[in-house]
Amino acid sequence: MLSGRALRTSRVLYPITALGPGRRLGIWLQGCTLACKGCMSRDTWNPGGGTEVAVDDLLRMWHDAVRAGADGLTISGGEPLQQAAVLAEFLAAATVADRDVLLYTGYELDELGEQQSGVLERVDAVITGRYSAGEPTRLIWRGSANQRLIPLTPLGEQRYRPFVDVSPPRAPVQVRVDDGLLWLVGVPPAGALPKVERSLREQGIVFEEAAWRP
Ligand code: SF4
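Reading the values: rules and limits
Residues numbered from 1 in each chain as written. Predicted model: local features only at pLDDT ≥ 70, side-chain atom pairs only at ≥ 80, totals over all residues. Heavy atoms only, no water. Helix = DSSP H or I, 4+ residues; strand = E, 2+ residues; numbered from the N terminus. Rg over C-alpha atoms; globule rule 2.2 N^0.38 Å. Buried < 20%, exposed > 50% of the residue type's maximum accessible area, 1.4 Å probe, protein only. Contact = heavy atoms within 4.5 Å. Areas by Shrake-Rupley, 256 points an atom, 1.4 Å probe, with all protein chains shown as cover. Lys, Arg positive; Asp, Glu negative; His and termini not counted. Charge placed at Lys NZ, Arg CZ, Asp CG, Glu CD. Pairing = 2+ DSSP bridges. Axes fitted to C-alpha atoms, helices over the stretch in contact; angles between N-to-C directions. Near = heavy atom within 4 Å. Nonpolar A, V, L, I, M, F, W, Y, C, P; charged D, E, K, R; others polar.

Caption draft 1: Region of interest: the overall build of the protein chain. In terms of helices and strands, the protein chain carries five helices and nine strands. Over its C-alpha atoms the protein chain spans a radius of gyration of 17 Å, differing by no more than 12% from the 17 Å that the globule rule assigns to 214 residues. Referenced to the eigenvectors of the C-alpha coordinate spread, the extents of the protein chain come out at roughly 50 × 35 × 35 Å. Considering the protein chain as a whole, with its 214 residues, one finds that 48% of them fall into the buried category. Intrachain contacts of the protein chain at a sequence separation of at least 6 include 62% that bridge at least 24 residues. With the model as given, the accessible surface of the protein chain reaches about 10700 Å², and the carbon-plus-sulfur share is 52%. Averaged over its 23 positive side-chain charges, the protein chain has a centre that lies 5 Å from the centre of its 25 negative ones.

Given below as structure tokens:
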């Protein structure tokens, strides 16, 4: 038990199928100071937003997901490595045989401090690099061509190496409605979100707020 420790969290969804292989628990951590132009998750920037979720509660959600058949865990954000110390503790307690952990970070590997590198010791694959609106890509699970998918463990090699250069004809994207909010899970192609918004507006559906608008 890791009583008293908590991660500032934007949302937790299960099952997600658009950010990593198979059925996964998705945890989006809250808070990011990297401010990439064109970020589609501006709602996760405020480090005081979201909610504090106890590490024990996140572990319970993860173990429930594993019992329900989860293949892996995806940690995104926000910038997960801006909560590196507690995240490392969570991941140390979250290891389950044959279930992989994929981590998204806006940092490059050579920007990481000691504590942040420690998180990667608990991760099977990492997707690195800031979102760069001027470098569109169709590479799976990535938002821009500069972002790299890097397997880090034997399980990561087995599950992620085959996808490093894959560009599917359609990006995997899921739509989830949760508590009156519509969540798009995945990395839609450049320009897709304003198009979706326009087309819904023509049908009378207007978003009060959208996380991709500045
Ligand atoms: S794309 Fe990721 S790293 Fe960049 S501002 Fe958005 S949440 Fe932060």
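Caption draft 2: The arrangement of the sheet that holds strand β3 (residues 51-54) in detail. Spatially, the seven strands line up as an open sheet ordered β3-β1-β2-β4-β5-β6-β7, and their pairing is mixed. Two strands bound the open sheet, and with one partner strand each, they are β3 and β7 (148-151). Strand after strand, the sheet turns through a mean of 30° between neighbouring axes, direction not considered. In this structure, strand β1 (residues 6-16) lies alongside strand β2 (residues 24-29), joined through five bridges in antiparallel fashion. Bridge assignment links R11 to a residue of β2, and that residue is W28.

Caption draft 3: Representation of the site of the ligand within the structure. Around the ligand, the neighbouring residues are C32, L34, A35, C36, C39, W45, G78, G106 and Y131. A per-class count over the shell around the ligand returns seven nonpolar, two polar and no charged.

Caption draft 4: Main features of the pairing of β1. Relative to β3, β1 runs antiparallel, the two being bridged by four bridges. Of the residues in β3, the one forming a bridge with R8 is E52.

Caption draft 5: Examining the environment of E209 more closely. Checked against the element boundaries, E209 lands in the segment after α5 (192-202). A relative accessible area of 71% places E209 in the exposed class. The spacing of E209 and A192 is 17 residues in sequence and 17 Å in space, taken between C-alpha atoms.

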